[in-house]
Amino acid sequence: MRIKSIEEYNTEKSNFDNDPERFWEEKAESFIWKKKWDKVLNWDFHSAKINWFNGGKLNITENCLDRHLKKRANQVAIKWIANNPNEKSISLTYQELHAEVCKFSNVLKKHAIKKGDRVCLYMPMVPELSIAVLACARIGAIHSVVFAGFSAKSLSDRINDAECQALITADGGFRGDKITPLKAISDEAMQTTPSIKTCIVLERTKSKIEMKNQRDYWWHHEMASVDNNFPAEFMDSEDELFILYTSGSTGKPKGIVHTTAGYMIYSQYSFQNVFQYNEGDIYWCTADIGWITGHSYIIYGPLLAGATSIMFEGVPTFPDAGRFWRIVEENKINIFYTAPTAIRALEAKGLDFVKKYNLTSLRVLGTVGEPINEDAWNWYFKEIGGGLCPIVDTWWQTETGGIMISNLAGITTAKPTFATLPLPGIKACIMDDSNSEINENDIEGKLCIKYPWPSMARTIYGDHKRFIDTYFSTFPGYYFSGDGCFKNKDGLFRITGRVDDVLIISGHNLGTAEIESAIDEHNNVCESAIVGYPHSIKGNGIYAFIICHEHPLNTDKSNEEINKLIVKHVGPIAKVDKIQYVNGLPKTRSGKIMRRILRKIASGETTNLGDTSTLLDPTIVESIIKGSINNN
Ligand code: WTA
């Protein structure tokens, strides 16, 4: 199934062009199906109805686990490394992981969770998170993982949106020198989540917590008395596998829905080809399972491919900035996948932390989540890869389910800051402002995909209209990514960043609307506008322009209060870096904030602000510029 040479790559590209359905059908044939499909593809990008492998019946966990038992029962599937370097790591073989997943499936069943129910997971990066994810998939429940850095409010909003019946959490989570009180946060969230009937709590930090009778159950008690066999529920190809929330330009987060067969096929295909995974390789993706990268490239992709995958509980800088490299050395990692923000943060700590470790096991390096700047790319290539490892710059999204544009390690050309080319099977294109496709090279525009791919999102949970409006109406007949893209003279793609109001902060998507509404909760705030500005480590920093009823007497105190509200309503990742109190915001006559102007001011640009003639009150801009100079 893996493309092993540039000749095979070219053949695959032309196979796809000649017969796209046959191309994907051939990929699908290598999986275990209870019943094969009747039809490969039905699609319509206007109504956003996409079906892959209709009529097929399967369970993704049979493909992740059961099918490997003959050949690799005793091979490590997941090796978990604790936050604290002195705590013992845990390895689970395919056989052991299979048994744990079956056991937890039985626990879920005992609590009356059944096919189609939604289960929310709010957990630290521990093996039990992967076990719970897979157990949901095994019984046919839809998992909704919520990143353990989100606040009680964000958690309860997500639980309520999907009306989850159960919540799986832990007493607490270790991250660096901090403990996140996950159960206490869950308790607060569960005050406003009437759909939750059961909460299963993993003991991790041994923190003192409260357990509510008839609702809360300890993971280890539940697991003690169940069988380690559980026949997988057979799902339709298009049955929902999971929901994962991502921020939008406006309004509440969107529950992106992925379905079973297409997601499965594409996550294995992209994993094997992009990273050029070889049998026996040790693979490590540093993402959190709370994000799509963790779903597709810690859990599903590697397990489907029968790989040994490392799972790390902690953070890159604990106990010091050499932690990643120590893990690479100790585990002889061959394939390493991380985010530009981590690379920049570690680069800033100096080479001493790198030089101590032997990194020669590395063969392939990867990056994801935001554009990687040339300096960080070069440092990664030279200092981490020793100038020998190809870097795969992988562009994709929660909505795409898997990597869409990337070089294939060692097979196709890599170019610093370029994601390079769409994978065989992906038809990407660039659109101009008059909504037509630009076919020439050396141009810039908006990135779209014009043909369906198996792992594309199928809808936004409970709101198909929003799905159509967000992704399929800007350019009718195309999937619109929301990203800008430059195509160079050789036709290579370079992602230039979001063209909407989504901010990518340290590789995490945040919607301006969510943060603004948290700020607006402050008694003294009338209105606020959030924009991103270039930040040397985080990629983007957050700059808030705030109008107050009365100018705060003590701005430090006010700033602190505002950040506290953000932590409460969204989570610590959304804290703002800079706050400027202003008398007004640049608005058009129709009342829309012109963020383009604020973005320029926040980046320190005070001239060349572009056309301001449609502003209701252009003098506002002058006063904001003055204030920004004082603020920097
Ligand atoms: C950005 C993460 C440049 C992009 C997998 C996209 C990137 C958003 C890259 C999706 C990359 C992701 N180069 N930008 N290699 N990868 N992005 O949903 O703006 O968390 O739209 O999925 O991250 O973020 P999400």
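Residues numbered from 1 in each chain as written. Predicted model: local features only at pLDDT ≥ 70, side-chain atom pairs only at ≥ 80, totals over all residues. Heavy atoms only, no water.

Trainee: Talk me through the overall build of the protein chain; I want residue IDs and the actual numbers.
Mentor: Within the protein chain one finds 20 helices and 31 strands. Taking 26 Å as the expected radius of gyration for a compact globule of 632 residues, we find that the protein chain reaches 24 Å, a close match to that expectation. The buried share of the protein chain, taken over its 632 residues, is 60%. Of all intrachain contacts in the protein chain linking residues separated by at least 6 positions in sequence, the fraction that spans at least 24 positions is 71%. Carbon and sulfur atoms make up 48% of the accessible area of the protein chain, which totals about 24,400 Å². (Helix = DSSP H or I, 4+ residues; strand = E, 2+ residues; numbered from the N terminus. Rg over C-alpha atoms; globule rule 2.2 N^0.38 Å. Buried < 20%, exposed > 50% of the residue type's maximum accessible area, 1.4 Å probe, protein only. Contact = heavy atoms within 4.5 Å. Areas by Shrake-Rupley, 256 points an atom, 1.4 Å probe, with all protein chains shown as cover.)

Trainee: Tell me what's going on with unusual backbone geometry, and back it up with residues and numbers.
Mentor: Residues Phe 318 and Pro 319 are joined by a peptide bond in cis, for which omega reads -5°. Structurally, Pro 319 is set in the loop between strand E17 (308-312) and helix H12 (323-331). Backbone geometry places Glu 163, a non-glycine residue, at a positive phi of 45°. Following the sequence through the fold, Glu 163 ends up in the loop between helix H7 (152-162) and strand E8 (166-170). In this structure, Asn 435 is a non-glycine residue whose phi angle is positive, near 70°. Looking at where Asn 435 falls in the secondary structure, it is placed in the loop between strand E21 (428-431) and strand E22 (437-438). Overall, Asn 435 belongs to the partly exposed group, its relative accessible area being 41%.

Trainee: Run through the site of the ligand, naming residues and quoting values.
Mentor: Residues in close proximity to the ligand total 17 residues, the closest being Asp 393, Thr 394, Thr 398, Asp 483 and Arg 498. One of the backbone nitrogen or oxygen atoms of Gly 369 is found 3.1 Å away from a nitrogen atom of the ligand. A distance of 3.4 Å is found between a nitrogen atom of the ligand and a backbone nitrogen or oxygen belonging to Pro 371. Alone, the ligand offers 520 Å² of accessible surface; in the complex the protein occludes 97% of this. Secondary-structure elements contributing two or more residues to the shell around the ligand are helix H11 (292-304), strand E20 (391-394) and strand E26 (493-498). (Near = heavy atom within 4 Å. Polar contact = N/O pair within 3.5 Å; in protein donor to acceptor, adjacent residues only side chain to side chain.)

Trainee: So what's going on with the domain arrangement of the protein chain? Which residues, and what values?
Mentor: According to the domain assignment, the protein chain consists of domain 1 (94-233) and domain 2 (502-631). Opposite the seven residues of domain 1 that make contact, domain 2 presents eight residues. Approximately 520 Å² of surface area, both sides summed, lies buried where domain 1 meets domain 2, with 54% of it carried by carbon and sulfur atoms. At the junction of domain 1 and domain 2, the tally comes to zero salt bridges. For the interface between domain 1 and domain 2, the tally reads five residue pairs in polar contact (both at pLDDT 80 or more). In terms of residue class, the side of domain 1 that touches domain 2 is made up of two nonpolar, three polar and two charged. (Domains from an automatic or database assignment. Buried area = accessible area lost by both parts, 1.4 Å probe. Salt bridge = Lys/Arg side-chain N within 4 Å of Asp/Glu carboxyl O. Nonpolar A, V, L, I, M, F, W, Y, C, P; charged D, E, K, R; others polar.)

Trainee: How would you explain the sheet that holds E21 if you had to name every residue and give the values?
Mentor: Strand order in this open sheet of five strands is E22-E21-E23-E25-E26, and the pairing throughout is antiparallel. Looking along the sheet, the strands with just one partner apiece sit at the ends: E22 and E26. With six bridges joining them, strand E23 (residues 443-449) and strand E25 (residues 479-487) adopt antiparallel strand pairing. Directly across from Glu 444, in E25, lies its bridge partner Phe 486. (Pairing = 2+ DSSP bridges.)

Trainee: Residues and numbers for helix H17 (residues 512-519), please.
Mentor: Counting buried positions along H17 gives six out of eight residues, so the element sits mostly inside the fold. Within the sequence span of H17, burial applies to Thr 512, Glu 514, Ile 515, Glu 516, Ala 518 and Ile 519.

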